[in-house]
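Geometric and topological summary
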Amino acid sequence: QVQLVESGGGLVQAGGSLRLSCAASGSISNINVMGWYRQAPGNQRELVASITSGRRTNYKDSVKGRFTISRDNAKNTVYLQMNSLKPEDTAVYYCKLEDLGFSRNYWGQGTQVTVSS
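Residues numbered from 1 in each chain as written. Predicted model: local features only at pLDDT ≥ 70, side-chain atom pairs only at ≥ 80, totals over all residues. Heavy atoms only, no water.

1. Quick look at the nonpolar core
Of all hydrophobic cores here, the largest spans 28 residues; its most connected members are Trp36, Leu80, Met82 and Tyr93. Secondary-structure elements contributing two or more residues to this core are β3 (18–25), β4 (32–39), β5 (46–52), β7 (67–72), β8 (77–82), β9 (91–99) and β11 (111–116). (Core = buried A, V, L, I, M, F, W, Y, C linked by side-chain atoms within 4.5 Å. Buried < 20%, exposed > 50% of the residue type's maximum accessible area, 1.4 Å probe, protein only. Helix = DSSP H or I, 4+ residues; strand = E, 2+ residues; numbered from the N terminus.)

2. Quick notes on the packing of aromatic side chains
According to the stated counting rule, one finds two aromatic pairs in the structure shown. On the numbers, 5.0 Å between centres and 70 degrees between planes, the contact of tyrosine 37 with tryptophan 107 is edge-to-face. Of this pair, tyrosine 37 sits in strand β4 while tryptophan 107 sits in strand β10 (residues 104–107), and the two are 70 residues apart along the sequence. Accessibility expressed as a relative area gives 16% for tyrosine 37, which makes it buried. Residue classification places tryptophan 107 among the partly exposed residues on the basis of a relative accessible area of 37%. Ring centres 6.5 Å apart and planes at 85 degrees place the aromatic pair tyrosine 94 and tryptophan 107 in the edge-to-face group. One end of the pair, tyrosine 94, is in strand β9; the other, tryptophan 107, is in strand β10, with 13 residues separating them in the sequence. Accessibility expressed as a relative area gives 15% for tyrosine 94, which makes it buried. Connected via pairs of aromatic rings, a cluster forms that spans Tyr37, Tyr94 and Trp107. The residue whose ring lies beneath arginine 45 is tyrosine 94, and the NZ or CZ to ring-centre distance is 3.7 Å. Against the face of tryptophan 107 rests arginine 45, its NZ or CZ located 4.6 Å from the ring centre. (Phe/Tyr/Trp six-rings, centres within 6.5 Å; stacked < 30°, edge-to-face > 60°. Lys NZ or Arg CZ within 6 Å of the ring centre and 35° of its normal.)

3. Here's the deal with the state of the cysteines
Scanning the entire structure with this criterion turns up one disulfide. One disulfide in the model links cysteine 22 with cysteine 95; its S-S distance is 2.1 Å. Looking along the S-S bond of the cysteine 22-cysteine 95 disulfide, the torsion reads about -80 degrees, which is the left-handed sense. Highlighted residues: cysteine 22 in strand β3 and cysteine 95 in strand β9, separated in sequence by 73 residues. Across this residue pair, the class does not change: cysteine 22 and cysteine 95 are buried. (Disulfide = S-S within 2.5 Å.)

4. Focus: the environment of valine 78
On the secondary structure map, valine 78 appears in strand β8. Exposure remark for valine 78: the relative accessible area of 0% places this residue in the buried category. Separated by 43 residues in sequence, valine 78 and glycine 35 have C-alpha atoms that sit 7.6 Å apart.

Okay, here's the thing in structure tokens:
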């Protein structure tokens with residue numbers, strides 16, 4: 001059974017930084033995409049950034065230049081470095097693993113990020 005464990009959320013002032021981590025455990029194929037999504041109250045869950053096992057990245061326009069996604073394939077861990085945070089970045093951030101080899105998707109439990117103005 002695959003599990004995703006997230007960490008690194010918290011409260012930060014506008015302009016500050018946070019680093020999120022998501023570690024995946026269990027039977028995972030080598031062909032996968034790991035990503036971070038977020039959901040603010042009253043809003044739909046949206047993609048923030050994703051990275052393939054080949055390290056190809058994709059970002060939501062509003063976070064380009066501020067957020068950086070990376071991964072350690074040996075540890076099945078994905079990171080999201082968030083700089084220059086804004087109040088509108090406040091949301092619950094979820095890690096997602098798309099296992100393309102086994103055609104399955106998995107979600108983490110979510111971690112709260114709150115940016116005060």
